[in-house]
Every structure is written in structure tokens, then in C-alpha cells.
Protein chains: 2
Amino acid sequence: MAEYTKVALDAMGGDYAPFEIIKGAVEAVNKRKDIHIVIVGKEDIIKEELAKYTYDKEQIEIKGASEVIETAEPPVMAIRRKKDSSIVVAMNMVKKGEADAFVSAGSSGAILVGGQVIVGRIKGVERPPLAPLLPTKKGFSLLIDCGANVDARPSHLVQFAKMGSIYMEHVMGVKNPKVAIVNIGAEEEKGNALVKETFPMLKACPDINFTGSIEARNIPYGDADVIVCEAFAGNIILKLYEGVGGVLVDKLKEGMMKNLRTKIGALLVKPALKETMKGFDASEYGGAPLLGLNGLVVKTHGNSKAREVCNSIIQCVTFKEQKINEKIKECIQKEQE
Amino acid sequence: MAEYTKVALDAMGGDYAPFEIIKGAVEAVNKRKDIHIVIVGKEDIIKEELAKYTYDKEQIEIKGASEVIETAEPPVMAIRRKKDSSIVVAMNMVKKGEADAFVSAGSSGAILVGGQVIVGRIKGVERPPLAPLLPTKKGFSLLIDCGANVDARPSHLVQFAKMGSIYMEHVMGVKNPKVAIVNIGAEEEKGNALVKETFPMLKACPDINFTGSIEARNIPYGDADVIVCEAFAGNIILKLYEGVGGVLVDKLKEGMMKNLRTKIGALLVKPALKETMKGFDASEYGGAPLLGLNGLVVKTHGNSKAREVCNSIIQCVTFKEQKINEKIKECIQKEQE
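Because the structure is predicted, anything quoted here is derived from the model rather than measured. (Residues numbered from 1 in each chain as written. Chains lettered and ligands numbered in written order. Predicted model: local features only at pLDDT ≥ 70, side-chain atom pairs only at ≥ 80, totals over all residues. Heavy atoms only, no water.)

S.K.: Just to check I follow, could you spell out the environment of Tyr16 of chain A for this structure?
M.R.: All names here are of chain A. Secondary-structure assignment places Tyr16 in the loop between β1 (5-10) and α1 (19-31). It is 19 Å that separates the C-alpha atoms of Tyr16 and Ile37, two residues lying 21 residues apart in sequence. Beyond its immediate sequence surroundings of up to four residues, Tyr16 is in contact with Ile21, Asn303, Ser304 and Lys305. (Helix = DSSP H or I, 4+ residues; strand = E, 2+ residues; numbered from the N terminus. Contact = heavy atoms within 4.5 Å.)

S.K.: Help me understand the interface of chain B and chain A in this model?
M.R.: One frequent convention defines the size of an interface as the accessible area lost when the parts assemble. On the chain A side, the residues contacting the 53 residues of chain B number 54 residues. Counting the surface lost from both chain B and chain A, the interface buries some 5,200 Å², and carbon and sulfur atoms represent 74% of this. It is Ile184, Phe232 and Leu240 of chain B in chain B that bury the most area against chain A; as a group they hold 13% of the surface buried on that side. At the boundary of chain B with chain A, the tally comes to 6 salt bridges. Residue Arg217 of chain A pairs with Glu242 of chain B through a salt bridge whose shortest N-O separation is 2.9 Å. The interface formed by chain B and chain A holds 14 residue pairs in polar contact (both at pLDDT 80 or more) in total. Counting residues per element, the ones that place at least two in the side of chain B that touches chain A are β7 (178-183), α7 (193-203), α8 (231-256) and α9 (260-278) of chain B. (Buried area = accessible area lost by both parts, 1.4 Å probe. Salt bridge = Lys/Arg side-chain N within 4 Å of Asp/Glu carboxyl O. Polar contact = N/O pair within 3.5 Å; in protein donor to acceptor, adjacent residues only side chain to side chain.)

S.K.: Before we go on, may I ask you to explain helix α4 (residues 86-95) of chain A in this structure?
M.R.: Each full turn of the α-helix corresponds to 3.6 residues, which orients residues three or four apart in the same direction. Residue and element names in this part refer to chain A. Extensive coverage of α4 is indicated by the burial of 8 of its 10 residues. Those residues of α4 not exposed but buried are Ser86, Ile87, Val88, Val89, Ala90, Met91, Met93 and Val94. Downstream of α4 by a residue or two, Gly97 has a phi angle that is positive, lying close to 80°. (Buried < 20%, exposed > 50% of the residue type's maximum accessible area, 1.4 Å probe, protein only.)

S.K.: Sorry if this is basic, but what is going on with the sheet that holds strand β3 (residues 60-64) of chain A here?
M.R.: By way of backbone hydrogen bonds, the strands of a sheet pair with one another, either parallel or antiparallel. All names here are of chain A. The strand order β3-β2-β1-β4-β11-β10 describes an open sheet built from 6 strands, whose pairing is mixed. Here the strands that pair on one side only, and so sit at the sheet edges, are β3 and β10 (288-290). Each strand of the sheet is rotated relative to its neighbour by a mean of 25°, with strand direction disregarded. In the packing of helix α10 (residues 306-321) onto the sheet, the strands contacted are β1, β2 (35-41), β4 (101-104) and β11 (296-299), and the crossing angle to β1 comes to about 145°. (Pairing = 2+ DSSP bridges. Axes fitted to C-alpha atoms, helices over the stretch in contact; angles between N-to-C directions.)

Put into C-alpha cells, the structure is as follows:
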């Protein structure tokens, strides 16, 4: 039997579900023979969508789940009550080892809660961080943590740094990734109580390539590969990135539509601009892994289209092949010896 | 005697000091008869620069200060030791009532420390916040606090909200400004310990128009006028704004220089784009006030040119005319009754 990665895919979550999700699944199996996808959700809808495409029937199967967790639902309650929701059903597959990974564009809250409650943490991992990739001038950086658990402790941040380094090195292929902690100045004595306490611990950590503090201004320039912070700061960074980018692009479009002269100019520059700006688009890099769990859980953007879904599924293969969770286990165990 | 505002101006601080600083002073007095500026710094250099311009000699005087505080110097030490630095000399003028306000593009740290140590806090103000204006899609918002004092308490944030509201309403002319607290979700139960504790206090505060939480994504869209947060988060927001903006503009330029076609297009769109992007330029709005002090202290960007210096000086007039400090005093005293 050939080795393959089995991915449970949430058909029901995200702004463009189920159409773009299923399209992404088909794209992934048509690209790679070593992927097997279980699409989880309302069976009839999935069947109808799948019928539109040509693909190897051996690579995609359907698993029925009658309920859907909506984005606005309180996550803890939703995970507890909706036992037949696509998220709960798929996470149970990961827990039982029936799937290697779970990919969803659904409710962030439910995915974070389900990851901890259903899939469960690797022994010794204090808190599983959500780690999206941020586009930068040079390529991308891993922002860790952007999850829902705020008010982190220094020991959490040190584990984030370790897990983030393993992910960047072995999944994203960044050799000896530079790790930095988000701070309000470059000097070691700067920072809030959390950063001041964490800084010397990161400095003393032999498993990572710690380069010191990074000011928010330098994050978009790609000055570090692994950007460590607690989730409240991480959330601000991730969302402000989107917000400032969105407003600048709007302003740009407005400026280009000003008069006939600019409209002609816009026609000439647009294709090249689009190409350049693509490099600054997070969806190119797939979803954000929730690290430190007994299995892989990947959260893609709520507005994910097929391309991001496909990229996220393919990332799961590297994650499995590179034995990321074994590497995390070893690293965390070493901590406790 | 006519009423005028007396501004002490730091000639020695900032990337373009003293040239752009002095140019800004001349622009300000040439625009407004009700301003009197005392330029503080090395006398011979200031004299030489001033000689290049035409202006009403009654409106500008020079006060000698032989020392300069550099950006890299530890602020507390610098303020303590360099008694004849432009920052210390000018702040002493504000303290003694010889000037209404102090404007500087110099060391943020030294200005924040000097503001508290030399100028001193208004009675009852727990912590003076630094409050820059952020450009937004609709205009601008006040981000409060971006100072150097991290790990704030809820009572600090409530005072920031009150002082920020007074400033936005009476200096920037925003009627009944919308106040929001930076959070990781819109719901009241979300947030870290600080936000959760502060939220109900802001909600119960009768002096402000509190509209709830704001996610970082919505800040650039201008969804609130006064953005309340503690300084660590504020620093991230301010600096990431600059960073993302900078990288996107670089990417844009790169895309426009790709080939002959795009270069021609760039020539056509550039003037209009420049005009549009101006609205997204923080320097249009002048510097950031350090609120809650016995006098006004304004920190302008380190890379300020004459335009920002001039705008910052003119803001001081409104600050004085509108009796902002009296309004802050009243508001804070009410708190303690």
C-alpha cells in the first residue's frame, strides 16, 4: 500500500462553502496522488458539487454530518452540543487516527476549542498556538500566537517559539529560522512584564535561533521568520495587516479612477501590479496550523477560495511527511527532562 | 496686549533638525499672527538658519541650550544629566509658565520622561498618554496610548478615553467622538484581563460616547474616533501601520517599474495617486500630544519636515484657546468627587 496523507475537510465552513471548498479538494487531488480527502458535511450537497468535476474517485470520499456550526455561535457550547456537525465529526476522525489532518474555513472559535477538547494537546504542550503566515517584503513570516487564549505566560511563549521554528524549518523550508519577540523597542530592557520575563528565557533556549526583539514596524519587512507574541498582540497584528492593506488598496483604486488620464494609466499598470501584489497575499500560503495537537488542525481564512483550500491540503502532506508532531514531542519532552 | 500662544520649539531634535524645524517655525508665524515661538537649541546654528527667511521678528525669539539629547540615550539619565539640553530647557519654560506648549521631533523617551518629571501631571491624572492621530479611510482617529509606560491598569484606560474625547472634540473638531477599546472580537465577553475589566467601566462612564470594542481590522476604516488601548498594543498599532504602508508602497513602485508599459502607466497615474495617498499621511495632522500634563507637550515624528512642524505648532493654539487642560482638570476632578 502506498503512503498517503488523509485529510478530513470541512465542507460546511467559510464564506464560499461548500462550492470553493470542494473545488479546492478536487484541485488538490488532481495535483497530488499522495492525498486522500474525506469531505465532511451534508452528503447530498457534497455529492451534487463533486459531480461537476473530474477526479480520481479513489482519492475523495464523503462522510455525512448533518449539523453546521455557524461563525456567530458560542464555540464551547457549539462543540459540546452539535455532535453531528462537520467540525466535531471531522475532529473525531483526527482523534481516532482515521485522518491525519483537518482543514476548515469555519468558525475560528469552534476550531480552536475543538482542537483542544476533541483532538487534544501533545503531552507537555501548555497551550496550542494558532500560527498564520504573514506576507512580507521578502516572502512570509510565521506569526505565533493568534489564537483565542489571551494572557499567556512566558513558558507558553517559549513553547510557541520552539514549535514555530520546527514548522518554519520543516514545513515551509526556511533553514535555521530567525525567531524574534514582538516588542516596543529593540533594546533588551524594553517591553511589558511578559516580554521582559520571556526575553532571557528565549535567549537561553538552545533549540531556536533567537535574534531578539522585533518592532511592529519591521514585521512587514520580513526581519524575522518566526514572530513570537501572545494572542492579543498577535490578533492585532494579523487584523491590522488586513485592514491597512485593504484601505490602501481602496485608496489606490480611488486614485486610479480619478480622471481619464489616470484610467488609461491604470489599464497599463494593472496587470503588473496585480502580479506584484500577489506576493503580498496571505492566501497564497494556505491556512494557519493550530500547533501542538495530537494531529494537525488547519484553519484557513473565512473567505478562502479553492486556491487556499488546495494549498492548505497540500501543506498537510509536508506536515505528515516531515513528522512535525514527532519533532514537537521530542522538543517538548526535552524541556521536561 | 493681544492674546497669543507661546510655543517652545526644540531646534535640535529629529532627522531633519535644525533645518526643517526652523523652516516649520517660519511657516507657522507667517501663517498666524497669534503665535509666538521660542526656538530652543544652539544659538549660532539657529541664527544662521533663521537669517535665510523673511518673517516678523517679533514672533520668533531664540533661547540658547548648549546640549543635545540623542535618540539612543537612556531617557531618564539624559533628562537628569543634560540640564542645558534643548528638551530640558524648553520643558522648564513650560513648567514655569514661560511657554504654553513644547514641540519636539526629538527622542520620544526623553520627551515622555521629561513631560512627567519636569512639566508634571495634572492633579489626579494617573498616567499621561501619548496620543498620535492615525490616518483612516474617512479622515483620522486618535490612538491613545502609544507612550512608553506599558502594563496599564483599567483606571488608566478610562482616563485615556476621557482625555482623548476632549482632545478630539475640542482640538480636532470631531463632535461627540466615538470611543472604542481595542479588542480581539466585537463581543463584550471577549478580550484579555485588562480589556474585560475596563469594558464595563467605559460603558458606565457618562462623559464619553463609548461604542464598544473595535477589532484592529476596522481601525484603518475609521470606525471609531478615539481608539483606546494600553501602550504596548498602541505601539504595535502605530508602528505596524507605518510598516505595512511602507512595504505596500514599495511593492507598488516595484510593480510600476516592471516594464515600459507599466512605466508609461505610472507617469499617468502618479500625480493623482500622490494626491490620494496624501490623505493617508499622518504628517498632515501634526504631532502627537502628551495629554494630562501641566502644559502641552507635542511629539512630532522623528522624520518630521517643515509641514508637520508647522501643523504641530498651529495645533498648540487651538489647544490653548479651547482650554483643553482646564477641561481635562474638570473631568478628572469630577472622577474623584
